[in-house]
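Structure assessment
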Amino acid sequence: SAPPLKFRPLVLPPKLTNGDFNEFILDVIELVGAENVEIITSKDQIQDGTYMNPKHSHDPHHILEQDFFLASAIVAPRNVGDVQFIVRLANKISFPLWPISIGRNSGYGGAAPRVSGSIVVDMGKNLNKVLEVNVEGAYCLVEPGVTFHALYDYLVANNLQDKLWLDVPDLGGGSVLGNATERGVGYTPYGDHWMMHCGMEVVLPNGELLRTGMGALPDPKRPETMGMKPEDQPWNKAAHLFPYGFGPYVDGIFSQSNMGIVTKLGMWLMPNPGGYQSYLITLPKDDDLKQAVDIIRPLRLNMALQNVPTIRHILLDAAVLGNKASYSSKTEPLSDEDLNKIAEKLNLGRWNFYGALYGPERIRNALWETIKEAFSVMPGVEFYFPEDTPKNSVLRVRDKTMQGIPTYDELKWIDWLPNGAHLFFSPIAKVAGEDAMMQYRLTQRRCQEAGLDFIGTFTVGMREMHHIVCIVFNKKDLTQKKKVQWLIRTLIEDCAANGWGEYRTHLAVMDQIMGTYNWNNGSFLKFNEILKNAVDPNGIIAPGKSGVWPKSYSQIAWKL
Ligand code: ADP
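Residues numbered from 1 in each chain as written. Predicted model: local features only at pLDDT ≥ 70, side-chain atom pairs only at ≥ 80, totals over all residues. Heavy atoms only, no water.

**Re the overall build of the protein chain**
Secondary structure assignment for the protein chain yields 14 helices and 19 strands. Since a compact globule built from 560 residues should have a radius of gyration of about 24 Å, the 24 Å found for the protein chain is in line with a globular shape. Based on the C-alpha atoms only, the size of the protein chain along its principal axes is roughly 80 × 60 × 45 Å. Here the protein chain holds 560 residues, and 60% of them are scored as buried. When the accessible surface of the protein chain is split by element, carbon and sulfur atoms take 55% of a total near 23000 Å². Distance from the positive charge centre (55 side chains) to the negative charge centre (61 side chains) of the protein chain: 2 Å. (Helix = DSSP H or I, 4+ residues; strand = E, 2+ residues; numbered from the N terminus. Rg over C-alpha atoms; globule rule 2.2 N^0.38 Å. Buried < 20%, exposed > 50% of the residue type's maximum accessible area, 1.4 Å probe, protein only. Areas by Shrake-Rupley, 256 points an atom, 1.4 Å probe, with all protein chains shown as cover. Lys, Arg positive; Asp, Glu negative; His and termini not counted. Charge placed at Lys NZ, Arg CZ, Asp CG, Glu CD.)

**Observations regarding the packing of helix 1 (residues 18-32) against helix 2 (residues 80-93)**
How two helices sit against one another is set out by the angle between their axes and by the gap between those axes. It is the contact of helix 1 with helix 2, at a shortest axis distance of 11 Å, that shows an interaxial angle of 165°. Comparing the axis directions of helix 1 and helix 2 gives the class roughly antiparallel. Relative to helix 2, helix 1 is oriented so that their crossing is right-handed. Residues Asp20, Phe24, Asp27, Val28, Leu31 and Val32 of helix 1 form the contact with helix 2, whose participating residues are Asp82, Phe85, Ile86, Leu89, Ala90 and Ile93. Of the residues in the contact of helix 1 with helix 2, the class split is nine nonpolar, no polar and three charged. (Axes fitted to C-alpha atoms, helices over the stretch in contact; angles between N-to-C directions. Parallel < 35°, antiparallel > 145°, perpendicular 65-115°, else oblique. Left-handed = near helix turned anticlockwise from the far one by under 90°. Contact = heavy atoms within 4.5 Å. Nonpolar A, V, L, I, M, F, W, Y, C, P; charged D, E, K, R; others polar.)

**A closer look at the site of the ligand**
The full set close to the ligand counts 18 residues, and Ser101, Ile102, Gly103, Arg104 and Ser175 are the nearest of them. In the model, a nitrogen atom of the ligand is placed 2.7 Å from a nitrogen or oxygen of the Ser101 side chain. Residue Val262 places a main-chain N or O atom 2.8 Å away from a nitrogen atom belonging to the ligand. For the ligand, the accessible surface in isolation is 550 Å², of which the surrounding protein chains cover 96%. Put simply, the parts of the chain that give the shell around the ligand at least two residues each are strand 3 (97-100), helix 4 (176-181) and strand 10 (261-268). The residue inventory of the shell around the ligand, partitioned by class, reads eight nonpolar, seven polar and three charged. (Near = heavy atom within 4 Å. Polar contact = N/O pair within 3.5 Å; in protein donor to acceptor, adjacent residues only side chain to side chain.)

**Let's talk about the side chain of Glu502**
By the element assignment, Glu502 lies in the loop between helix 11 (478-497) and helix 12 (510-516). One buried charged side chain, Glu502, makes no salt bridge at all; its nearest oppositely charged neighbour is Arg489, positioned 10 Å away. With near-sequence residues (within four places) excluded, Glu502 lies in contact with Phe425, Ser426, Pro427, Ile492, Cys495, Ile513 and Tyr517. (Salt bridge = Lys/Arg side-chain N within 4 Å of Asp/Glu carboxyl O.)

Shown next as structure tokens:
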């Protein structure tokens, strides 16, 4: 008879037995060592953790049951060779793998896999080196585990900050690589992270190693590089200078996708601009959003607005400074008057525009004059520099963020409600007052129908805005969680009906959103499925990611 099974994970992937799992995981343990494998065998291991101490078994901001998306095990490869070995092993029995870098992915599903029972491949634990910072070329090359904070610390420790700045999102704990592949944003002039990436190294689903762009062209052989493993070989000199190389540009299929496991990423860094000034423009009225956005469009297009500025709703700033109970005893959504009172108390607008000026003083002054003049046509707007605001002001936090200094202050808005958790709803909007206003009104109304306050921000890209609606909920309140599910599903539907689509989303609604990107009989999804099945015939890498399912999974049965 067969020997007793050593491990019994709480959940197994579809069609696989406990025996398959044990065989697989024992091989993996032998490879990477027990210290790099955690098997989820007990409910006690399903702890939500904290932002600072995240767990990788599931999503801490669960909108469905806590264990709805659950890993069978978490495995941390020690090097690229381990990743290749694990991928090849997984192919033998079609074992699903879910790669993460840091695994925070806050508001979009955390580290959880879309298919329960998948093995979460923790790329960040051991592969966490800044491999290069090149001052002359103004770029870096990082492994998956390098956080924004770690890259910042590296620049500081190596006295490079006077030469190069990085771009950070609202929180410093995410990975540079994971955030770029998810097409996340930050707030300096280099805020579009995907735009600023240059050169990727990827383990393909068959275990082969690929370098994209100029990285596909070998660096000339030298005696000291002879015999090196491909992953250790020096990159082509232009690999992080010119993103496209020759032929089809394939980088895109490795973003928000399930086509490979990214092992290295080149990112452009911003030369220190030689001067910096952040500012806040407060807009007193709720419908000031409309005029402000129309003022912003030409300024952003012609780059008088140099960075990714944000137009933040009063409650986002208020929530950074205190929870709902500190402002009101209401449990229902706050009224217009309540918001006016909060704005007055905090000396902020109903909308607050945060931007920054980059360059020597003469340049900054010229730009500031232009920006001020443009906004001055609006009644009641006020202009602030950080020193004009209280010590704990949001402007003082944004002052750091917009110059690439990581912070954690924005974590506080998640505590707006007790047992606070959050979910992002992130539609794209034109930089046009009417569109912004319509999108705001619609999302605000639906939030209120769900019994929630509207908390949101518009981040202004070159020609569009990422409208980020921060759905904060009490994760111990099951009725409220049900309403949150209704809310996001309804928002997706409403927005699609208006021609608005999301740029990124939580695991639970990837299928629904992919379903809205359905122009011409869904040719986009069909093409992605063709690619997926060709590149990953056994469907091992992140099945279901972004609504793309391999052929071995029935779309209909798996769709959420
Ligand atoms: P963060 O670093 O912001 O915490 P994660 O590490 O959780 O983000 O990554 C977010 C998502 O990006 C993951 O769920 C996964 O889909 C994708 N991803 C992250 N790292 C990789 C990688 N190295 N290879 C392929 N996909 C990745």
